[in-house]
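Spelled out, the chains give:
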Amino acid sequence: MDKIVVEAKGLGFRYRDASGKRKALDDVSFDVREGEFFCVIGANGSGKSTLCNALVGLIPHYFAGRMKGTVLVHGADTRESTIGDLSMRIGLVFQNPFNQLSYTAGTVAEELAYGLGNRGVPREEMVRRVERVAKLMRIDHIVHKNPLELSGGQVQRVAFGSTFIAEPSILVLDECTTQLDPLGSEEIFDIVKELNKSGVTVIMVDHDMERVARCADRVMVLEGGKVAVIDSPARIFGDPDILARGVAAPDYVAICRALKDRGYYSGDLEVEEESTIAAVKESLSK
Amino acid sequence: MMIEIQNLRHVYPTGDEALKGLSLAISGTSPVAIIGQNGSGKTTLVKHFNGILRPTSGQVLIDGESIESRSTAKWAKEVGYVFQNPDDQIFLETVRKEFEFGPTQIGMPEERIKERIGLIAELCGLEGKLDMHPFDLTSTEKKFCTIGAVLMMDPKAVVFDEPTCGQDIEGNRRLCGIVKKLEEMGTLCITISHDMKFVAGNFRRAIVMCKGRILLDGSVEEVFAEVETLKQSFVSPPPITRVAQGAGLGKTVFSVEAFIRAYEARRA
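These remarks concern the structure in this document. (Residues numbered from 1 in each chain as written. Chains lettered and ligands numbered in written order. Predicted model: local features only at pLDDT ≥ 70, side-chain atom pairs only at ≥ 80, totals over all residues.)

Attention now moves to the overall build of chain B. Counting its regular elements, chain B contains 11 helices and 10 strands. Overall, the C-alpha framework of chain B stretches about 60 × 45 × 30 Å when taken along its three principal axes. Expressed as a percentage of its 268 residues, the buried residues of chain B come to 49%. (Helix = DSSP H or I, 4+ residues; strand = E, 2+ residues; numbered from the N terminus. Buried ≥ 20, exposed ≤ 12 C-beta atoms within 10 Å, placed from the backbone.)

Below, the structure written as structure tokens:
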């Protein structure tokens, strides 16, 4: 996990429209290593989505505004790469899946294959990948449907699939399960975790702190467009000052802390369900 | 406000049967959550509460009056509906115009509209942003703009479809405040949500849908105790509840305080 695959150096961005009165990102520097599960949290407006757009090259190539600093993906400067080239290496799943689909495709299968056609992938290979991704995302029963007829959850799965299908080695996920029911979104995260285990680097923005704590190798907290802190989930969520930054600790931490305050428990502040249950059970037996 | 549903079926033009004959009564002012897996029919169901969708068969009665007796526009002052995606709802150039549109359409006196704008803007955290273009708002503010636009009409009941989608702590807090305030004002609040923490913390009654039917209907305590049944609809209880269940505390709890009470009862 030593090779750096994404690197931001002094990254700043100011949108050209009305929202550009203040900097969306301001002097953001960090790096992500190969195979890492890197999470980004922070209040709304802290710059999380802007960061995602900058990592995949939509900034500066698509969004109008002033960018400072650099983003390197596999060592290549995003300014000097095209969005097409970048998309084969770093894939983004949008926050709003309705914004991600092309809506020019007549069927889900065509929607999934849409990006591949633009990238010159041969037809047989396209068919093979569509089949595999549809199965992975559990949308194989709706590949012949019109994307406009799908439910919010189904659109989200198609949006995921249309990113996975390019087989990027880095995935950027911008709050990508907001349309899914709880177990459906867990199912998607199991897929993401599998991909991560097989070597795919994941950079994830999410408001679900239980999930962040469970998945992340490291967590970066953004505050007003700046990096507030980068650390392990245990250290970040164990920090009582964290609420001041507009993010909550997982409920597991709150339970452990409440037990500690009352003298029932003296162990670590757990950040996951299973370990919290074990800690509660153990403290009960004492 | 009383919403009665009798043997409601809804079949979309594509042939999909989204609601398979369900019956339900919602009354009073205590907030009601509708939960369940994607595609279970939640949005289809609530779109019948003000006639956006009409039953294929069965009955929808609002305070005893059939939904078929009026147009959707005429129902808007009884039951307000806030869309899942704010971009589906916003269409005017300023927040103020969004706020004025609905009440003007239903013939609310100008004086009353002016009076309400201040109140609703404060409730939605948009006091200083009334003259902004809705598309220049942050995603959170946009959502509150659509909520405000519906509340402006002072409906007897309001339906929120996935209001916590993409909200941060601050937005969540504001939303909890709105749910509470609506109950105080006597407005029935019905909310579709996938956010079980939000449901457990703010609602008394939960209706769980699964494949076009009602799987469970009861108090949030009763519903979240049915862990195995909930799985059928891809729902699991909120984290605190799951830890209490996993550690065998024997109580359905939703807050750290309630967790500690159950824990201390077990120790004693």
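Having seen the model, we can carry on.
Residues and elements named next belong to chain A. With 14 residues, helix α5 (residues 123–136) ought to run about 20 Å at 1.5 Å a step, and its terminal C-alpha atoms sit 20 Å apart, in line with that. Every buried residue of α5 is accounted for by V130, V133 and A134. Taken around the axis of α5, the buried residues stretch over an arc of 100°, which confines them to a single face. Relative to its buried face, α5 has exposed residues pointing more than 90 degrees away, namely E124, E125, R128 and K135. Where α5 ends, the next residue or the one after it, R138, has phi of about 55°, a positive value. (Expected span 1.5 Å × (residues − 1). Arc of directions from axis to C-beta.)

Moving on: helix α4 (residues 108–118) of chain A. Residue pairs spaced three or four apart in an α-helix point in one direction, given the helix's 3.6 residues per turn. All names here are of chain A. Regarding α4, the residues found buried are V108, A109, E111, L112, A113 and L116. Those residues of α4 that are buried lie in contact with α5 and α6 (152–164). With its phi angle positive at about 75°, G120 sits one or two positions after the end of α4. (Contact = placed C-beta atoms within 7 Å.)

Helices that pack against each other are described as a pair by the angle of their axes relative to one another and the distance between those axes. Residue and element names in this part refer to chain B. Relative orientation of the contacting elements helix α3 (residues 95–105) and helix α5 (residues 139–151) amounts to 30°, with a least axis distance of 7 Å. On the basis of their axis angle, the class for α3 and α5 is roughly parallel. The chirality of how α3 crosses α5 is right-handed. Where α3 approaches α5, its residues V95, E98, F99, F101 and G102 are matched on the opposing element by C145, G148, A149 and V150. Partitioned by chemical class, the residues of the contact of α3 with α5 number 6 nonpolar, 2 polar and 1 charged. (Axes fitted to C-alpha atoms, helices over the stretch in contact; angles between N-to-C directions. Parallel < 35°, antiparallel > 145°, perpendicular 65-115°, else oblique. Left-handed = near helix turned anticlockwise from the far one by under 90°. Nonpolar A, V, L, I, M, F, W, Y, C, P; charged D, E, K, R; others polar.)

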